[in-house]
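Structural characterization, general
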Amino acid sequence: MVAPYVCDVSLYLDKAIKEGKNILLEGQLGTLKDPDHGIYPMVTSSSTLAAYGAIGAGVPPYTIKDIITVVKAYSSAVGGGAFVSEILDEEEAEELRKRGGDGGEYGATTGRPRRVGWFDAVATKYGCMTQGTTEVAFTVLDPLGYLDEIPVCVGYEIDGKVTTDFPTTPTLEKAKPVFTKLPGWKCDIRGIKKYEDL
């Protein structure tokens, strides 16, 4: 089945670049799972940053012009580790969990419930900075339609001081979320295709 697609990838992509073709490289996981820039030790085995795409694909780094970072309208996590904006009230967390994602925020293989939290602007800003983001695709907005107000983490309080810069892991463990609340829209927005309609 895969035999027709097996080739020297670097050579194939070099030819495509020289012909002016568009190439889409897709990364996995997010910045906070990166072994060098993530929340160690709760990281994966290889870099999750866009810059690593050049290495994985065998293309020169300067050929990557656009970096689209995909950001969910709420946060989720698998496993342990620091999670500043996590919803600690289990009933409140389960309400968002069952509404989120395609079939809820549960492990695809295990079915285990994922940890969920509110949108974290501090972590997102850090992720966009380390990725070199040129555009953001803001996704999974529809599950929040049940809320009167939407909490957004806009800062971290650490040792009595508020910061909007993402800290190192040992400091992150001490961080408490600083929330602001945005008005909800209280309707179903699934199926909307135009920004104006949204």
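Heads up: these notes are all about the structure in this document. Keep in mind that this is a model prediction, so the values were computed, not measured. (Residues numbered from 1 in each chain as written. Predicted model: local features only at pLDDT ≥ 70, side-chain atom pairs only at ≥ 80, totals over all residues. Heavy atoms only, no water.)

This paragraph deals with the overall build of the protein chain. If you tally the helices and strands in the protein chain, you get 5 helices and 7 strands. The secondary structure elements of the protein chain, listed N-terminal to C-terminal, are α-α-β-β-α-β-α-β-β-β-α-β. Across its three principal axes, the protein chain shows a C-alpha extent of roughly 50 × 40 × 35 Å. The 198 residues of the protein chain split such that 31% are buried. Summarising the internal contacts of the protein chain: among those between residues at least 6 apart in sequence, 65% fall at separations of at least 24. Carbon and sulfur atoms form 56% of the exposed surface of the protein chain, whose accessible area is close to 13,000 Å². (Helix = DSSP H or I, 4+ residues; strand = E, 2+ residues; numbered from the N terminus. Buried < 20%, exposed > 50% of the residue type's maximum accessible area, 1.4 Å probe, protein only. Contact = heavy atoms within 4.5 Å. Areas by Shrake-Rupley, 256 points an atom, 1.4 Å probe, with all protein chains shown as cover.)

Quick look at the side chain of Ser47 now. Looking at the secondary structure, you find Ser47 in the loop between helix H1 (9-18) and helix H2 (51-57). Polar side-chain contacts of Ser47 include one of 2.7 Å to the side chain of Asp34. (Polar contact = N/O pair within 3.5 Å; in protein donor to acceptor, adjacent residues only side chain to side chain.)

Turning to the nonpolar core, a few remarks are in order. By size, the foremost hydrophobic cluster in this structure holds 12 residues: Ile39, Ala82, Val84, Val122, Ala123, Tyr126, Cys153, Tyr156, Ile158, Phe166, Leu172 and Ala175. Here Ala175 is in contact with Val84, Tyr156, Glu157 and Ile158, once residues within four sequence places are set aside. Grouped together as the second largest cluster of nonpolar side chains are 11 residues, Tyr74, Val116, Leu147 and Ile150 included. (Core = buried A, V, L, I, M, F, W, Y, C linked by side-chain atoms within 4.5 Å.)

Here the focus is unusual backbone geometry. A negative phi angle characterises most non-glycine residues, just as the trans form characterises most peptide bonds. Residue Pro41 is reached from Tyr40 by a cis peptide bond, and omega for that bond is 10 degrees. Here Pro41 is to be found in the loop between H1 and H2. Positive phi, close to 60 degrees, is recorded for Leu29, a residue that is not glycine. Mapped onto the elements, Leu29 comes out in the loop between H1 and H2.

Of the residues making up helix H4 (residues 121-131), those classed as buried are Val122, Ala123, Tyr126, Gly127, Cys128 and Gln131. Summarising the contacts, the buried residues of H4 are in contact with strand S1 (68-72), strand S3 (115-120), strand S4 (135-139), strand S5 (149-158) and strand S6 (161-163). Where H4 begins, the side chain of Asp120 points an oxygen toward the backbone nitrogen of Val122, at a separation of 3.0 Å. Directly beyond the C-terminal end of H4, a positive phi value near 80 degrees is found at Gly132.

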